[in-house]
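Residue strings, one per chain:
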Amino acid sequence: MNGEPIQLRLFVALLVPDTVKQKLHAVQQELRDALDSRTANWTRPEQFHLTIKFLGNVDATRLDTLAESLKKACYGLVPSDIEARDAGFFPDSKRPRVIWIGVRAPEEWLFRLHSTVETVCAPFATAKPENRFHAHVTLGRVKQAGKSDADAMRSWAEKWAGCGFGKWRAEEVALVRSRLSPSGAAYSNECLARLGPGGTP
């Protein structure tokens, strides 16, 4: 590798408990069964998560410093009850590209969590920050959609609009590594940062 540092593809996320993953998988499978098999690439249920910040490629030599910075920043935050609720598409139902389930939490808490993670990760990130943060779990990404698929997606979103899929208490964030391969991405947690005084001061 000519002495070049190893690059790690990283993101920071809130993890989803298994009980909620099971409910989201059932809703995902309902839509999947209604669409042509070529319409979308689907997130594997074990990989459901809420991305707070995508960093892009980070030098492996900086991983420990990043992890410690994240843990210290999270010490100043607090846990919160959150809920998976509602369903929809980005950018909208007429041009669906991302299929999502929303995540609800107190707005002030979400804003502080996102802004804290953005600030601490900024010196390490290579990816541009998003223009707007929308808390969600990605169920799938649309590749192509004919009229019948588009109709099915709209009906699915209308059915689940406003519905809840489970609540849990967010007490930590994860620094996750994503390894890309032809068979899809594989995730591994590089560190867990506790929210509040239970973490690292």
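Below you will find a few notes about this structure. Quick caveat: nothing in here was measured; it's all calculated off a predicted structure.

Across its full length, the chain holds 4 helices and 9 strands. Scanning the chain from its N terminus toward the C terminus, one meets helices and strands in the order β-α-β-β-α-β-β-α-β-α-β-β-β. Computed over the C-alpha atoms, the radius of gyration of the chain is 18 Å, within 12% of the 17 Å expected from 2.2 N^0.38 for a compact globule of 201 residues. Taken along its principal axes, the extent of the C-alpha atoms in the chain is 50 × 45 × 30 Å. Relative to its 201 residues, the chain shows a buried fraction of 45%. Residue pairs in contact within the chain that sit at least 24 positions apart in sequence constitute 79% of those at least 6 positions apart.

Further remarks concern the side chain of T39. As for its position among the elements, T39 is in the loop between α1 (18–34) and β2 (40–42). Under the relative-accessibility criterion, T39 is labelled buried at 1%.

Time to look at the packing of aromatic side chains. On inspection of all chains with the given rule, the structure shows 4 aromatic pairs. Both rings, one in F89 and one in W156, keep their centres 6.0 Å apart while their planes meet at 50°; by these two values the pair is tilted. Taken together, the positions of F89 in strand β4 (residues 80–90) and W156 in helix α4 (residues 147–160) put the pair 67 residues apart, joining distant regions of the chain. The class for W156 is buried, based on a relative accessible area of 4%.

For the rest of this paragraph, the subject is the pattern of salt bridges. For the structure on display, the rule yields 14 salt bridges. Where R169 meets D81, a salt bridge forms, and the shortest distance between an N and an O atom there is 3.0 Å. Of this pair, R169 sits in strand β7 (residues 164–170) while D81 sits in strand β4, and the two are 88 residues apart along the sequence. Here D151 and K147 are joined by a salt bridge, their closest N and O atoms 2.9 Å apart. Here K147 and D151 lie together in helix α4, a separation of 4 residues that amounts to about one turn. Beyond isolated ion pairs, a larger network of salt bridges with shared partners links K147, D151 and R154.

Attention now moves to the side chain of T116. On the secondary structure map, T116 appears in helix α3 (residues 107–121). Setting aside residues no more than four positions away along its own chain, T116 makes contact with A73 and L77.

Attention shifts here to the packing of α1 against α4. The relative placement of two packed helices comes down to the angle between their axes together with the axis-to-axis distance. It is the contact of α1 with α4, at a shortest axis distance of 9 Å, that shows an interaxial angle of 155°. Compared by their axis directions, α1 and α4 come out roughly antiparallel. Pair α1 / α4 crosses with right-handed handedness. Within the contact between the two elements, α1 uses V27, E30, L31 and A34 and α4 uses D149, A152, M153, W156, K159 and W160.

A few words now on the environment of A87. Turning to its location among the elements, A87 is positioned in strand β4. C-alpha separation for the pair A87 and W156, spaced 69 residues apart in sequence, amounts to 8.4 Å.

Another point: unusual backbone geometry. A cis amide bond links F90 with the next residue in sequence, P91, at an omega value of -5°. On the secondary structure map, P91 appears in the loop between β4 and β5 (98–104).

Taking 1.5 Å as the rise per residue, α4 with 14 residues should run 20 Å; its terminal C-alpha atoms sit 20 Å apart, in good agreement. Of the positions making up α4, those classed as buried are D149, A150, A152, M153, W156, A157 and W160. Projection of α4 onto a plane perpendicular to its axis shows the buried side chains occupying an angular sector of 160°, all on one side. In α4, the exposed positions angled more than 90 degrees off the buried face are occupied by K147, S148 and E158. With its phi angle positive at about 80°, G162 sits one or two positions after the end of α4.

Procedures and definitions
- Residues numbered from 1 in each chain as written.
- Predicted model: local features only at pLDDT ≥ 70, side-chain atom pairs only at ≥ 80, totals over all residues.
- Heavy atoms only, no water.
- Helix = DSSP H or I, 4+ residues; strand = E, 2+ residues; numbered from the N terminus.
- Rg over C-alpha atoms; globule rule 2.2 N^0.38 Å.
- Buried < 20%, exposed > 50% of the residue type's maximum accessible area, 1.4 Å probe, protein only.
- Contact = heavy atoms within 4.5 Å.
- Phe/Tyr/Trp six-rings, centres within 6.5 Å; stacked < 30°, edge-to-face > 60°.
- Salt bridge = Lys/Arg side-chain N within 4 Å of Asp/Glu carboxyl O.
- Axes fitted to C-alpha atoms, helices over the stretch in contact; angles between N-to-C directions.
- Parallel < 35°, antiparallel > 145°, perpendicular 65-115°, else oblique.
- Left-handed = near helix turned anticlockwise from the far one by under 90°.
- Expected span 1.5 Å × (residues − 1).
- Arc of directions from axis to C-beta.

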